[in-house]
Amino acid sequence: MPSFKIQEQILASPEEVFAFITKAENASQVDHSIRKTERLDEGPLRVGSTFQQIRSYRGHEVSSDFEVLEYQNPFIFSVIGEKEGIRSSYRYILESLGSGTEITLNVQVEAEGARRALAWLISQFMKRRDLDLLERVEVAIIKSKSS
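Cut-offs used in this document
Residues numbered from 1 in each chain as written. Predicted model: local features only at pLDDT ≥ 70, side-chain atom pairs only at ≥ 80, totals over all residues. Heavy atoms only, no water. Salt bridge = Lys/Arg side-chain N within 4 Å of Asp/Glu carboxyl O. Helix = DSSP H or I, 4+ residues; strand = E, 2+ residues; numbered from the N terminus. Buried < 20%, exposed > 50% of the residue type's maximum accessible area, 1.4 Å probe, protein only. Pairing = 2+ DSSP bridges. Axes fitted to C-alpha atoms, helices over the stretch in contact; angles between N-to-C directions. Core = buried A, V, L, I, M, F, W, Y, C linked by side-chain atoms within 4.5 Å. Contact = heavy atoms within 4.5 Å.

## Considering the pattern of salt bridges
Here the structure, examined in full by the defined rule, presents eleven salt bridges. Residue Lys-145 pairs with Glu-16 through a salt bridge whose shortest N-O separation is 3.4 Å. Linking Lys-145 in helix H4 (residues 133–146) with Glu-16 in helix H1 (residues 14–21), this pair joins segments that are 129 residues apart in sequence. Between Lys-23 and Glu-25 there is a salt bridge, with its nearest N and O atoms 4.0 Å apart. Given a relative accessible area of 44%, Lys-23 falls into the partly exposed group.

So, in structure tokens, the structure goes:
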């Protein structure tokens, strides 16, 4: 299964980082292709919560639904989405590091049958697109603190 991992040290506490990455409306601050992220259910965010993300891709809007798989505040958050037989999972692991946080993002792309070849290509595209994602998270957190 194609996957990649990125790590970053962020000058914010794990609680601040966790609060930022789990707030759906913050997604568009770190990825400008994301037009809107909306919760599909009500109540507090938890395992099983769902949301829809609308992304602009080559001039078209593409929607994807995601489900929260893990929610261990403030250390682990993971979601999974499926689109046309290809599953993508994002797992954030946060560790306290002095006055900041070390954050690790593990991304896996899975598919079955004929879609397996596509999974590898999609994984490579996502890796290029998301290589500096955690740096963008840090910038957005710092910007939100100064507002």
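Resuming the write-up.
## Some points on the sheet that holds strand S1 (residues 3–10)
Taken in spatial order, the seven strands make up an open sheet running S1-S7-S6-S5-S4-S3-S2, and their pairing is antiparallel. Two strands lie at the open edges of the sheet, namely S1 and strand S2 (34–39), each paired on one side alone. Taking each pair of neighbouring strands and ignoring which way they run, the sheet shows an average axis angle of 20°. Pairing of strand S4 (residues 60–72) with strand S5 (residues 76–83), which is carried by seven bridges, proceeds in the antiparallel orientation. Bridging from a neighbouring strand, Gln-72 pairs with Ile-76 of S5.

## Digging into the nonpolar core
Counting residues in each nonpolar core, the largest one holds 31 residues, and the members touching the most others are Val-17, Ile-21, Phe-77, Tyr-90, Tyr-92 and Leu-105. Elements that contribute at least two residues to this core include exactly S1, H1, S4, S5, strand S6 (86–97), strand S7 (100–111), helix H3 (116–130) and H4. Aside from chain neighbours lying at most four places away, what touches Tyr-92 is Ile-21, Phe-75, Ile-76, Phe-77, Ile-103, Thr-104, Leu-105, Leu-133 and Leu-134.

## Focus on unusual backbone geometry
A negative phi holds for most residues other than glycine; trans holds for most peptide bonds. Omega for the peptide link from Asn-73 to Pro-74 comes to 5°, which places this bond in the cis form. The backbone phi angle of Arg-58 is positive, close to 50°, even though this residue is not glycine. The class of Arg-58 is exposed, set by a relative accessible area of 70%. Phi angles above zero are rare outside glycine, and Glu-84 is one such case at about 50°. Tracing the sequence through the fold places Glu-84 in the loop between S5 and S6. With relative accessibility at 59%, the residue Glu-84 sits in the exposed group.

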